[in-house]
Amino acid sequence: MDMTSRMTSHFRDAMAACEQSMNVLAEPLAIAVDVLFGALANNGKILACGNGGSAADAQHFIAELVGRFERERLPLAGIALNTDTSILTAVGNDYGFDEIYERQVNAFGQAGDVLVAISTSGNSPNVVRAMEAASSREMHVLALTGKGGGVMGELITPMDVHLCVPSDRTMRIQEVHILLLHALCDGIDALLLGDTE
């Protein structure tokens, strides 16, 4: 086995996934920036959730908002729904793992807020239920998926934005998701602070 060639193939595959995503997601990504900025500008907040690597992405995204991205600014309102172990274990124990995000959306979400729902397959039951709860509360949903969008893609309403990575490979979808989240942070900062390019 030529390990160098194997490693090189990862770069090539990742670049191809990024290029394909750019061709189909640049426009909805710009719309998503407007949705997020609109919520924040109107005293709304952003809730984010996912499982596994997607949970890490949700937490990372909210950290960029509450802390900072590349430039100094005031903190922006966001909550990663996968970080409070007491809530997760209490709800998981008492009601089941599928409700861990739904109950938090019902507790914290208000009309005009945004739920950033992340699932590489688009089929994570707890994220699907969070989307349903968000829609019932007149929140916007920004869904980050792959593999065709799954159940989450079927739940998208005209208030929502779907960023579905055109790939079936989980690692490539996750890599593009972090690029999308960084681009969203940059777009929000550009609207808040002005374009530096």
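This one's a predicted model, so the numbers in the text were calculated from it and none came from an experiment. (Residues numbered from 1 in each chain as written. Predicted model: local features only at pLDDT ≥ 70, side-chain atom pairs only at ≥ 80, totals over all residues. Heavy atoms only, no water.)

> Got a minute to help me understand the pattern of salt bridges in this structure?
Pairing between side chains of opposite charge can happen when the charged atoms of each approach one another. For the structure shown, the criterion picks out 8 salt bridges. With a closest N to O distance of 2.9 Å, R172 and D13 form a salt bridge. Taken together, the residues span a long stretch of sequence, with R172 in helix α7 (residues 170–193) and D13 in helix α1 (residues 3–41) at a distance of 159 residues. By relative accessible area, which is 29% here, D13 ends up partly exposed. (Salt bridge = Lys/Arg side-chain N within 4 Å of Asp/Glu carboxyl O. Helix = DSSP H or I, 4+ residues; strand = E, 2+ residues; numbered from the N terminus. Buried < 20%, exposed > 50% of the residue type's maximum accessible area, 1.4 Å probe, protein only.)

> Whenever I open this one, a nonpolar patch on the surface confuses me. Can you help?
There is a patch of nonpolar side chains on the surface, built from M1, M3 and M7 and spanning about 370 Å² of accessible area. Summarising the element assignment, M3 is placed in helix α1. Under the relative-accessibility criterion, M3 is labelled partly exposed at 44%. (Patch = residues over 30% accessible without salt bridge, like charges linked within 9 Å, V, L, I, M, F, W, Y side chains within 5 Å. Areas by Shrake-Rupley, 256 points an atom, 1.4 Å probe, with all protein chains shown as cover.)

> Whenever I open this one, α7 confuses me. Can you help?
The periodicity of an α-helix, 3.6 residues per turn, causes residues three or four positions apart to be oriented the same way. Its 24 residues place the ends of α7 34 Å apart at the C-alpha level, agreeing with the 34 Å of an ideal helix rising 1.5 Å per residue. All buried positions along α7 are accounted for by R172, I173, V176, H177, L180, L181, L184, C185, G187, I188 and D189. Contact partners of the buried residues in α7: α1, α2 (53–66), β3 (114–118), β4 (140–146) and β5 (161–165). Following α7 by one or two positions, G194 adopts a phi angle in the positive range, close to 100°. (Expected span 1.5 Å × (residues − 1). Contact = heavy atoms within 4.5 Å.)

> For this particular structure, what's the right way to read the packing of aromatic side chains?
Between two aromatic rings, the relevant description is the distance of the centres plus the angle of the planes. All chains considered together, the criterion is met by 0 aromatic pairs. The cationic tip of R103 hangs over the ring face of Y95; the distance from NZ or CZ to the ring centre is 4.0 Å. (Phe/Tyr/Trp six-rings, centres within 6.5 Å; stacked < 30°, edge-to-face > 60°. Lys NZ or Arg CZ within 6 Å of the ring centre and 35° of its normal.)

> Could you clarify how one ought to interpret the sheet that holds strand β2 (residues 78–80) in this entry?
Strand-to-strand pairing in sheets goes through backbone hydrogen bonds, with the strands running parallel or antiparallel. Judged by pairing direction, the sheet is parallel, and its 5 strands sit side by side in the order β2-β1-β3-β4-β5 without closing on themselves. Looking at strand neighbours, the two that pair on one side only are β2 and β5, the edges of this open sheet. Direction aside, neighbouring strands of the sheet carry axes that sit 15° apart on average. Contacting β1 (46–49), β3, β4 and β5, α1 crosses the sheet at an angle of about 145° to β5. Against the sheet, helix α5 (residues 125–136) contacts β1, β3 and β4, and its axis sits at roughly 165° relative to β3. (Pairing = 2+ DSSP bridges. Axes fitted to C-alpha atoms, helices over the stretch in contact; angles between N-to-C directions.)

> Explain the packing of α1 against α7 to me, please; I cannot follow it from the model alone.
It is at 7 Å that the axes of α1 and α7 come closest, and there the two elements cross at 40°. For the element pair α1 and α7, the recorded crossing hand is right-handed. In terms of residue class, the contact of α1 with α7 is built from 19 nonpolar, 3 polar and 4 charged. (Left-handed = near helix turned anticlockwise from the far one by under 90°. Nonpolar A, V, L, I, M, F, W, Y, C, P; charged D, E, K, R; others polar.)

> Is there a simple way to think about the packing of α2 against α7 in this case?
The description of two packed helices rests on the angle between their axes and on the distance between the axes. Two elements in contact, α2 and α7, have axes whose closest approach is 10 Å; the angle formed by their N-to-C orientations is 15°. Taken together, the axes of α2 and α7 lie roughly parallel to each other. Both α2 and α7 take part in a crossing whose hand is right-handed. The residues of α7 that touch α2, namely those facing G53, S54, D57, H60, F61, E64 and L65, are Q174, H177, I178, L181, H182, L184, C185 and I188. Within the contact of α2 with α7, the residues separate by chemical class into 7 nonpolar, 6 polar and 2 charged. (Parallel < 35°, antiparallel > 145°, perpendicular 65-115°, else oblique.)

> Before we go on, may I ask you to explain the pairing of β3 in this structure?
A regular strand places its side chains so that they alternate between the two faces of the sheet. Burial analysis of β3 places 5 of its 5 residues in the buried class, which makes it a mostly covered element. Side chains V114, V116 and I118 project from β3 onto one buried face, and the interleaved L115 and A117 project onto a second face that is buried too. The pairing of β1 with β3 spans 4 bridges and is classified as parallel. Its bridge partner lying in β3, L47 is registered against L115. Note that the unit made of β3, α5 and β4 has a crossover that is right-handed. (Right-handed = clockwise from strand over helix to strand, strands pointing away.)

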